[in-house]
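Secondary and tertiary structure notes
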Amino acid sequence: MMDSEVSRVRSLLRTLALYAEARGRLLQIEAQEAGSKLSEILIFAALLSGFLLFGWMLALPALVWLVADSQGWPWWKVALGAAGGHLFLAILFLLGLKSRLKKLRVFEETFHQFQRDREWIGNPPPGV
């Protein structure tokens, strides 16, 4: 009787080890995918920000001068209007970024597998 209990415990431990290994591999795969996605987003955002910043830094003084000269407005009023427009656009893009980050799903399959496991443990199939 003692050998059968030891055998059952070993079998259970082996099953648990295989389960942990499978879940660990799934987590590893999803971590690599998440890292790749986040790296792409960060690189894209950095390049976009850099190009926009330098482009506008070079063009904006000339545009302020052109508008002020052609309309007869003081240059500082045109500069303040341009600054307000930029701040408004920055807020819009910030809201867009926030929306995208909320939609970003990482480790989704791992969480689904853990949920299925909890459901199975709570209600195992008949005969198990």
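In case you missed it, the structure is sitting above this.
To start, this report covers the structure provided alongside it. Only a predicted model underlies this, so the values are computations on that prediction, with no experimental measurement involved. The residue numbers shown here count from 1 along each chain, following its written sequence. Restriction of local features to residues with pLDDT of at least 70 applies here, the model being predicted, together with a cutoff of 80 or more for giving and counting side-chain atom pairs; totals for whole chains, interfaces and linings are based on all residues. Only hydrogens and water are removed before side-chain values are computed, so all heavy atoms of the structure are retained for them.

The next point concerns the overall build of the protein chain. Helix numbering and strand numbering both begin at the N terminus, where a helix is a DSSP run of H or I of at least 4 residues and a strand a DSSP run of E of at least 2. Looking only at helices and strands, the protein chain has three helices and zero strands in total. The linear arrangement of helices and strands in the protein chain, starting from the amino end, is α-α-α. Radius of gyration: over C-alpha atoms. The globule rule applied is 2.2 Å multiplied by the number of residues raised to the 0.38 power. A compact globule built from 128 residues should have a C-alpha radius of gyration of about 14 Å, whereas the protein chain, at 29 Å, is more than 25% larger. Its C-alpha atoms give the protein chain principal-axis dimensions of about 100 × 25 × 15 Å.

The end-to-end C-alpha distance of helix α1 (residues 2–71) is 98 Å, a good match for the 104 Å that 70 residues give at a rise of 1.5 Å each. Bend is the name given here to the angle between axes fitted to two runs of seven residues, the run ending at a residue and the run starting at it. Along α1, the largest kink reaches about 35 degrees and is centred on Ala59; proline Pro61 follows within four residues of it. Here the term buried applies to any residue with accessible area under 20% of the maximum for its type, exposed to any over 50%, and partly exposed to those in between, with areas from a 1.4 Å probe on protein chains only. For α1, the full list of buried residues reads Arg23, Leu26, Glu30, Ala34, Val64 and Ala68. Within two residues after α1, Gly72 carries a phi angle of roughly 75 degrees, on the positive side. One fewer than the residue count of a helix, multiplied by 1.5 Å, yields its expected span.

Glancing now at the environment of Ala90. Topologically, Ala90 is positioned in helix α2 (residues 75–103). Distance from Ala90 to Ser49, taken between C-alpha atoms, is 11 Å for residues 41 residues apart in sequence.

With that settled, the discussion passes to helix α3 (residues 108–122). Its 15 residues place the ends of α3 21 Å apart at the C-alpha level, agreeing with the 21 Å of an ideal helix rising 1.5 Å per residue. A contact between two residues is defined here by any heavy atoms of the two lying within 4.5 Å. Elements in contact with the buried residues of α3: α1.

A cluster of nonpolar side chains, contributed by Phe44, Leu48, Leu52, Trp56, Leu63, Trp65 and Leu66, occupies part of the molecular surface with about 750 Å² of accessible area. Within the secondary structure, Leu66 sits in helix α1. A patch consists of residues exposed above 30% relative accessible area that lack any salt bridge, with like charges linked at up to 9 Å and nonpolar side chains (Val, Leu, Ile, Met, Phe, Trp, Tyr) linked at up to 5 Å. Working definition of accessibility: Shrake-Rupley area with a 1.4 Å probe, residue cover restricted to the visible protein chains. For this analysis, a salt bridge means a side-chain nitrogen from Lys or Arg found within 4 Å of a carboxyl oxygen belonging to Asp or Glu.

Within this structure, the stated rule accounts for one salt bridge. Of the charged contacts in the structure, one is a salt bridge between Glu21 and Arg25, with a shortest N-O distance of 2.7 Å. Of this pair, Glu21 and Arg25 both sit in helix α1, four residues apart, which is roughly one turn of the helix. Its relative accessible area of 51% is what places Arg25 among the exposed residues.

Attention now goes to the side chain of Arg23. Tracing the sequence through the fold places Arg23 in helix α1. Overall, the relative accessible area of 16% leaves Arg23 in the buried class.

Among the structural elements, Glu30 can be located in helix α1. The spacing of Glu30 and Glu108 is 78 residues in sequence and 8.1 Å in space, taken between C-alpha atoms. Contact partners of Glu30, with chain neighbours within four places excluded, come to Phe107, Glu108, Glu109 and Thr110.

On to the packing of α1 against α2. Angles run from 0 to 180 degrees between N-to-C directions of axes, and those axes are lines fitted to C-alpha atoms, restricted for helices to the stretch in contact. Following both chains from N to C, one finds α1 and α2 inclined at 135 degrees, their axes separated by 9 Å at the closest point. As the angle between them shows, α1 and α2 are arranged oblique. The chirality of how α1 crosses α2 is right-handed. Contacts from Trp56, Leu60, Val64, Val67 and Ala68 in α1 reach Trp75, Val78, Ala79, Ala82 and His86 in α2. Residue type decides the class: Asp, Glu, Lys and Arg count as charged, Ala, Val, Leu, Ile, Met, Phe, Trp, Tyr, Cys and Pro as nonpolar, and the leftover types, Gly among them, as polar. Taken together, the residues of the contact of α1 with α2 sort by class into nine nonpolar, one polar and no charged. An angle counts as roughly parallel when it lies under 35 degrees, as roughly antiparallel when it exceeds 145, as roughly perpendicular when it falls between 65 and 115, and as oblique in every other case. Each crossing is labelled by how the near helix is turned from the far one, with a counterclockwise turn of less than a right angle marking it left-handed and a clockwise turn marking it right-handed.

Nothing here speaks to function; it is all geometry.
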